[in-house]
Amino acid sequence: MEGIIELHDNIMFYILLIVVLVCWMISSAVVNFNEYNNHFSMKYLNHGMVLEIVWTIFPCLILLMIASPSFILLYLNDEVVLPAMTVKAIGYQWYWSYELSDFLNTTTNQTIEFDSYLLNDEMLELGQMRWLDVDTWLYVPTNTHIRFIITSMDVIHDFAVPSLGIKIDANPGRLNMTSVIINRNGVFYGMCSELCGVGHSMMPIKIESVNVEDFLSNIMEY
Amino acid sequence: MLRSQRLINTSVRRLQSTSLKQYAQVPITVGSIKDISTRWERMPTAEQSLILTKLKARQTQPWTELTPLEQKAAYYISYGSWGPRKPEYAEGDVGKVALGFLGMFSLAIGIFYTFTTYVANPKPASNSIEWQVAADEYLKSKNANPWGGYSQVNQTGLTK
Amino acid sequence: MNNNFLKQWILSTNHKDIAVLYFIYATFAAMVGTSMSMIMRLELVHSGDTFLHNNFHLFNTMISAHAIVMIFLAVMPALIGAFGNYFMPIAIGAQDMSFPRLNNISFWMLVPGLILISSSMIIESGAGTGWTVYYPLSGILAHSSISVDLVIFGLHCTTISSLLGAINFIVTAHNFKGDSMSMMDMPLFAWSIYITAWLLLLSLPILTVGITLLLMDRNFNTSFYDVAGGGDQMLYQHLFWFFGRPEVYIMIVPAFGIVSMVLAAYSKKNVFGSVSMVYAMGSIGMLGFIVWAHHMYTTGLDTDTRSYFTSATMIIAVPTGIKIFSWLATIIGGSIRFSVSMLFALAFLVLFTLGGVTGVMLSNASVDVAFHDTYYVVAHFHYVLSLGAVFGIFTGYYYWSPIVTGLNFNKNLARIHFFLIFVGTNMTFMPMHYLGMNGMPRRISDYPDSYNAWNEISTFGAILSSLSMLQFAVVVENQLSNGERVTNDTLINPAYTFGNTIASETLEGHSNNAIEFNSPAPLAAHMFNTPVSKFVTYVN
């Protein structure tokens, strides 16, 4: 996520440069070349080879300068090397279902699977975030390389947690993968980001990341 | 120009040459061209073309022969702000546009206020101050640190 | 109703009459689309249910229908059907379009399109799939009513209409030019319609394939897109966006042409570098075909694929930048007259630049992870469409309606319209950038409380924009009932040294070299008895 913010700020610089340039030129045209100030139009000013080359090359250079950090970030994002843990997030209409299949309860022979529903307005307690808080949410350990595998059981959903910089479509019949390392404890919210029917706005995602010890003791209790 | 047009022009010129000489010698009467800037647009076409013909004839003389009134009339007819040169923004247009815009803007404010106060359902309970403060406490306890601050309760900016 | 009415308006073969029909239709559809967007915006004014009583399917239906109506039934008919049909033959000196009866069918196919799409909203539950109609949601399990099928048939009708029109434009441009005009001599507006026609011709069949396969999957038990039967949903996305990307260029390239004409006319100069403008429009059109997957960055494409599409999309910024800079060079050094259409054209320049640069931001696959399907995307495309193409429509309307109708509009009312729509649409769509950056997803009917503030401002802007549509209706009504007759004087913008009377007599010093301004207004139904044989282009 930090990379995305930095790239965004980088690109914003060039964007502001271009927008300010265009607005400046239009304002100077409007102020200096209107019919009250300038009675004779420069009607033969129709070509300019050097100028045209300049304004073709200059955007190319700006695009190159935008593209280099962009490609670096893109290829960096896709390095999924040796994740320590896998979380499966399965989209249903209209809730998410999480499976942490790395942990097997040897007595009952079950892995961790649970559904995550939105708390609607009647069930909310004071202090809970409306439309973002869920009944059971995902606990993950901090400073661990986690791989998310996303799919869907019925229509296309989208697993998006903007604070962690992830957004992947949950396509039925397809497994999409992304990876995350969360560097600090905290809660991270997200919402489903692909139209999936009437409950599209009612499928939030809540991830809470805790220390590894707390996480493991939490798992034991499950 | 086509040949037929040239022929017609020369014959017209020949017909007009006598009357042109008469028009050229005599200054145009004051009454017909006084205050021409206020009268020109409402003048009937025949009178307009008569004054044009007379002025064209007078302008064949050296310019010092023309009376000041004739000079002003010639300038107004050719370059005055009527017809093609009518200004894009007439007097008072800016005020009218501003007034109309402000009127519609206030209508929009009225519609917005009426809708949000009387038609729309009220905001849900989670927008109240107590709820927002409690949500802030929860987030702080969980070490969440969003860039824009915790909630709108303590916000001091534009969109309070 | 006598036979003449039938012949003139239902069985018309005159490109001017058909263009007027298209414009009336487009205005009607624009009102329909605006009301749908108002329903959405009023529901979103604050968090929690506002007035729809939790009927979220209606909200989703409004989203889909708003997009389909505005794109296929309002903007495309207005720009290509109305302005293209009316002025492209005149610009090249042709008597009419190459296939006049085909022209008529193109228009009348749009009427069943509107009927089908409106009935899809009313019959059973409505198509709540988004205008992109992605597969499993629009499949027979998730949308088991007939609404999606009606949408598909409506899109078939509009596709037939646009395809036939495109064929017509291409053949007219090649065969009906006056004797002395080569392709490069065509005015820029004619070029923009010609390029748009090629884009339509090459991309619409793919849309037809995509939605027809969807129809078969829904009704005939095929499994082109159904994973359980061996198909893949991604096929639908690729097919749709292969059409969808050139589609948005189809909507904006005619607006480019109109803005070029207006900027040149009201700064008393020719367009700077018109040859490179033609090449820029052509390359934008061609490049639009190879960049479709930037709408699909988060669907799990391969990294190398995403980097290719990132770079290809960024390349489109280069010809677009050339066009913007050429327009700037057109107005700099001119003698700018601030008529109403010039105000719209200047606003187009600024606002299209703003929309274009957010597009450059979105083209990067890595940043798109944060912005895909959020309000940032909504802000981007509304800036280029609602503040680009729509401003282009109004520019064209205020530039050409005096000579089409022969009546002048009231300039003050028109200026009020300009300021209302400028302030209104900016106030609607600028906050959406912030909402997108804060993570508010698209197409949601209710949102968490922290997004309240910007949404309220956006809704107020939407109310102001609807009032501006009302003001446009007032302008048109005033023009048609109280407008002053157009005389030669009002069409002329003489140079500093030309006298007023000389200008009137010889039509010297008219505002540009266009044929339509050198003819008596209102333009006659049959302007030329034979194709124009010699064009004299000169700079006043």
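In this convention, every chain numbers its residues from 1, walking through the sequence in written order. Throughout, the order in which chains and ligands are written sets their labels, letters from A for the former and numbers from 1 for the latter. Reporting in this predicted model follows two pLDDT cut-offs: at least 70 for local features of residues, and 80 or more for side-chain atom pairs to be given and counted; totals over whole chains, interfaces and linings ignore these cut-offs and use all residues. Remark: hydrogens and water are excluded; side-chain values derive from all non-hydrogen atoms of the structure.

A. Just the overall build of chain C, in detail. Scanning chain C for helices and strands turns up 18 helices and zero strands. Computed over the C-alpha atoms, the radius of gyration of chain C is 23 Å, within 12% of the 24 Å expected from 2.2 N^0.38 for a compact globule of 540 residues. Dimensions of chain C along its principal axes, counting C-alpha atoms only, are 75 × 50 × 50 Å. The buried share of chain C, reckoned over its 540 residues, is 69%. In this analysis, two residues are considered to be in contact whenever any of their non-hydrogen atoms come within 4.5 Å of each other. Relative to all contacts within chain C whose residues are 6 or more apart in sequence, the contacts with residues 24 or more apart total 81%. Note on areas: these come from Shrake-Rupley sampling with a 1.4 Å probe, and a residue is covered only by the protein chains present in the view. Roughly 16600 Å² of accessible area belongs to chain C as shown, and the carbon and sulfur atoms make up 67% of that amount. Looking at charge distribution, chain C has the averaged site of its 18 positive side-chain charges lying 11 Å from that of its 25 negative ones. Helix and strand definitions here come from DSSP, where helices need a minimum of 4 consecutive H or I residues and strands a minimum of 2 consecutive E residues; each element is numbered from the N-terminal end. Here the globule rule is a power law, 2.2 Å times the number of residues to the power 0.38, and the radius of gyration is based on C-alpha atoms. Buried residues are those whose accessible area, probed at 1.4 Å on protein chains only, stays under 20% of the maximum for their type, while exposed residues exceed 50% and partly exposed ones sit between those limits. Charge counting treats Lys and Arg as positive and Asp and Glu as negative, with His and both chain ends excluded. A charged residue contributes its charge at one atom only: NZ of Lys, CZ of Arg, CG of Asp or CD of Glu.

B. Expanded view of the nonpolar core. To define a nonpolar core, start from buried Ala, Val, Leu, Ile, Met, Phe, Trp, Tyr and Cys residues and group those joined through side-chain atoms within 4.5 Å. Ranked by internal contacts, the top residues of the largest apolar core, which has 212 residues, are Phe72(C), Phe83(C) and Tyr398(C). Looking at this core, the element that brings in the most residues is helix 3 (residues 56–92) of chain C, giving 24 residues. The residues that make up this core include at least three from each of domain 1 (2–34 + 49–78) and domain 2 (85–219) of chain A. Among residues more than four places away in sequence, those in contact with Phe83(C) are Phe23(C), Ala78(C), Met88(C), Phe189(C), Ile258(C), Ile393(C), Gly396(C), Tyr397(C) and Trp400(C). The next biggest cluster of nonpolar side chains, apart from the first, holds 33 residues, and it includes Val87(A), Val140(A), Val155(A) and Ile207(A). Either an automatic procedure or a domain database provided the assignment from which the domain bounds are taken.

C. Representation of unusual backbone geometry in the model. In the segment running from Gln93(A) into Trp94(A), the intervening peptide bond is cis, with an omega of 15°. Along the chain, the position of Trp94(A) falls in the loop between strand 1 (85–92) and strand 2 (95–105). Even without glycine at this site, Glu124(C) takes up a positive phi of about 50°. As for its placement among the helices and strands, Glu124(C) is situated in the loop between helix 5 (110–122) and helix 6 (135–138). In this model, Arg443(C) sits at a positive phi of 60°, which is unusual for a non-glycine residue. Within the element layout of this structure, Arg443(C) appears in the loop between helix 15 (411–437) and helix 16 (452–482). Under the relative-accessibility criterion, Arg443(C) is labelled buried at 7%.

D. Structural context of the pattern of salt bridges. Criterion for a salt bridge: a side-chain nitrogen of Lys or Arg within 4 Å of a carboxyl oxygen of Asp or Glu. Tallied over the entire structure, the rule returns 18 salt bridges over all chains. Residue Asp449(C) is joined to Arg130(A) by a salt bridge in which the shortest nitrogen-to-oxygen separation is 3.2 Å. Placement of the pair is Asp449(C) in the loop between helix 15 and helix 16 and Arg130(A) in the loop between strand 3 (110–116) and strand 4 (138–141), with the two residues belonging to separate chains. When its relative accessible area of 6% is taken as the criterion, Asp449(C) is described as buried. Through salt bridges with shared partners, one network takes in Glu35(A), Glu88(B), Asp93(B), Arg337(C), Lys411(C) and Arg415(C).

E. Fine view of the sheet that holds strand 5 (residues 145–152) of chain A. Residues and elements named next belong to chain A. Here a strand pair is declared whenever DSSP counts at least two bridges between the two strands. Read from one edge of the open sheet, five strands run 3-2-1-5-8, paired in mixed fashion. At either margin of the open sheet sits one strand with a lone partner, and together these are strand 3 and strand 8 (176–181). Neighbour-to-neighbour, the strand axes of the sheet open up by a mean angle of 25°, direction not taken into account. Alignment of strand 2 against strand 3, held across seven bridges, turns out to be antiparallel. Paired with Leu104 across the bridge in strand 3 is Thr111. A fitted line through C-alpha atoms represents every axis, and for helices the fit uses only the stretch in contact; the resulting angles, taken between N-to-C directions, go from 0 to 180 degrees.

F. Structural context of the interface of chain C and chain A. The partner chain A presents 75 residues to the 85 residues of chain C that form the contact. Summing both sides of the interface, chain C and chain A together bury roughly 6800 Å²; the carbon and sulfur share of this comes to 68%. Buried area is a sum: the accessible area each of two parts loses on coming together, probed at 1.4 Å, counted once for each and added. Counting the surface chain C buries against chain A, the share from its top three residues, Phe272(C), Phe325(C) and Ser366(C), is 9%. Summed over the shared surface of chain C and chain A, the result is six salt bridges. Across the pair Asp78(A) and Arg306(C) runs a salt bridge whose closest N-O atoms are separated by 2.9 Å. In protein, a polar contact means a hydrogen-donor-capable atom and an acceptor-capable atom, both N or O and within 3.5 Å, with residues adjacent in sequence counting only if both atoms are side-chain atoms; elsewhere, any N or O pair within 3.5 Å suffices. Between the two partners, chain C and chain A, sit 27 residue pairs in polar contact (both at pLDDT 80 or more).

G. Representation of the packing of helix 2 (residues 49–77) of chain A against helix 11 (residues 303–331) of chain C. The geometry of helix 2 of chain A relative to helix 11 of chain C is characterised by a closest axis approach of 9 Å and an angle of 155° between their N-to-C directions. The orientation of helix 2 of chain A with respect to helix 11 of chain C, classified from their angle, is roughly antiparallel. Taken as a pair, helix 2 of chain A and helix 11 of chain C cross one another with a handedness that is right-handed. Grouping the amino acids of the contact of helix 2 of chain A with helix 11 of chain C by side-chain chemistry returns 17 nonpolar, seven polar and two charged. Any angle that falls under 35 degrees is termed roughly parallel, while one over 145 is termed roughly antiparallel, one within 65 to 115 roughly perpendicular, and all others oblique. Here a crossing is called left-handed whenever its near helix is offset anticlockwise from the far helix by less than a right angle, and right-handed whenever the offset is clockwise. Residue classes follow a fixed rule: Ala, Val, Leu, Ile, Met, Phe, Trp, Tyr, Cys and Pro count as nonpolar, while Asp, Glu, Lys and Arg count as charged, and any other residue, Gly among them, counts as polar.

H. Structural context of a nonpolar patch on the surface. Residues and elements named next belong to chain A. Taken together, the side chains of Phe13, Leu17, Leu21, Met49, Val50, Ile53, Val54, Ile57, Phe58, Leu61, Leu64 and Met65 present a nonpolar region at the surface, about 1100 Å² in accessible area. Broken down by secondary-structure element, the contributors of at least two residues to the nonpolar patch are helix 1 (2–32) and helix 2. Take Phe13: it is sitting in helix 1. A residue counts toward a patch only above 30% relative accessible area and without a salt bridge, and it is joined to like-charged neighbours within 9 Å or, for Val, Leu, Ile, Met, Phe, Trp and Tyr, to nonpolar neighbours within 5 Å.

I. Structural context of the interface of chain C and chain B. Taken together, the contact between chain C and chain B spans 45 residues of the former and 38 residues of the latter. Across the chain C to chain B interface the summed buried area is about 3600 Å²; carbon plus sulfur atoms make up 62%. When the buried surface of chain C facing chain B is broken down by residue, Arg415(C), Phe460(C) and Asn500(C) rank first, second and third, together holding 16% of it. Taken together, chain C and chain B are joined by five salt bridges. Glu456(C) is the partner of Lys123(B) in a salt bridge, and the nearest nitrogen-oxygen pair spans 3.3 Å.

J. Expanded view of the packing of aromatic side chains. Each pair of aromatic rings taken from Phe, Tyr and Trp, with Trp reduced to its six-membered ring, is defined by centres within 6.5 Å and is described as stacked if the planes are under 30 degrees apart, edge-to-face if over 60, and tilted in the remaining cases. Per the stated rule, a full pass over the model turns up 65 aromatic pairs over all chains. Between Phe101(B) and Phe419(C) the ring centres are 6.5 Å apart and the planes differ by 65°, which places this aromatic pair in the edge-to-face class. Of this pair, Phe101(B) sits in helix 6 (residues 93–119) while Phe419(C) sits in helix 15, on two different chains. On the basis of relative accessibility, which here comes to 16%, the residue Phe101(B) falls in the buried class.

K. Main features of the pairing of strand 7 (residues 166–170) of chain A. Residues and elements named next belong to chain A. Across the five residues that make up strand 7, a large majority, five, are buried. Of the two faces of strand 7, the one holding Ile166, Ile168 and Ala170 and the one holding Lys167 and Asp169 are both buried throughout. Once strand 6 (residues 157–161) ends, the chain turns through four residues before running back antiparallel as strand 7, passing Gly165 with a positive phi of about 70°.

L. Looking closely at the confidence of the model for chain C. Across chain C, pLDDT averages 90, with 96% of residues at or above 70. Complex prediction metrics read pTM 0.92 and ipTM 0.93. The quantity called pLDDT is the predictor's confidence in a given residue, expressed from 0 to 100.

M. Main features of the sheet that holds strand 10 (residues 204–210) of chain A. All names here are of chain A. Strand order in the open sheet formed by three strands is 4-10-9, with mixed pairing between adjacent strands. Single-partner strands in this sheet number two, and they are strand 4 and strand 9 (186–191). The mean angle between the axes of side-by-side strands here comes to 25°, regardless of whether they run parallel or antiparallel. Examined bridge by bridge, strand 9 and strand 10 share six bridges and lie antiparallel to one another. Bridge pairing in strand 10 links Gly190 to Ile205. Helix 3 (residues 212–221) rests against strand 4 and strand 10 of the sheet, and its axis sits at about 135° to strand 4.

N. Region of interest: the side chain of Thr395(C). Residue and element names in this part refer to chain C. Looking at where Thr395 falls in the secondary structure, it is placed in helix 14 (residues 375–405). For Thr395, a relative accessible area of 0% corresponds to the buried category. Dropping the residues within four chain positions of it, Thr395 is found in contact with Ile258, Val262, Ser341, Phe344 and Ala345.

O. Structural view of helix 1 of chain A. To estimate the expected span of a helix, count its residues, drop one, and scale the result by 1.5 Å. Taking 1.5 Å of rise per residue, the 31 residues of helix 1 of chain A would be expected to cover 45 Å, and the 44 Å separating its terminal C-alpha atoms lies within 8% of that figure. Every buried residue belonging to helix 1 of chain A is among Ile4(A), Leu7(A), His8(A), Ile11(A), Tyr14(A), Ile15(A), Val19(A), Val22(A), Ile26(A) and Ala29(A), and all of these are buried. Along its buried surface, helix 1 of chain A packs onto helix 2 of chain A together with helix 11, helix 12 (340–363), helix 13 (365–371) and helix 15 of chain C.

P. Examining the environment of Ser326(C) more closely. Note that Ser326(C) resides in helix 11. Among the residues examined, Ser326(C) registers a relative accessible area of 0% and is labelled buried. Separated by 55 residues in sequence, Ser326(C) and Val271(C) place their C-alpha atoms 7.5 Å apart. The residues contacting Ser326(C), other than those within four sequence positions of it, are Trp55(A), Phe272(C) and Met277(C).

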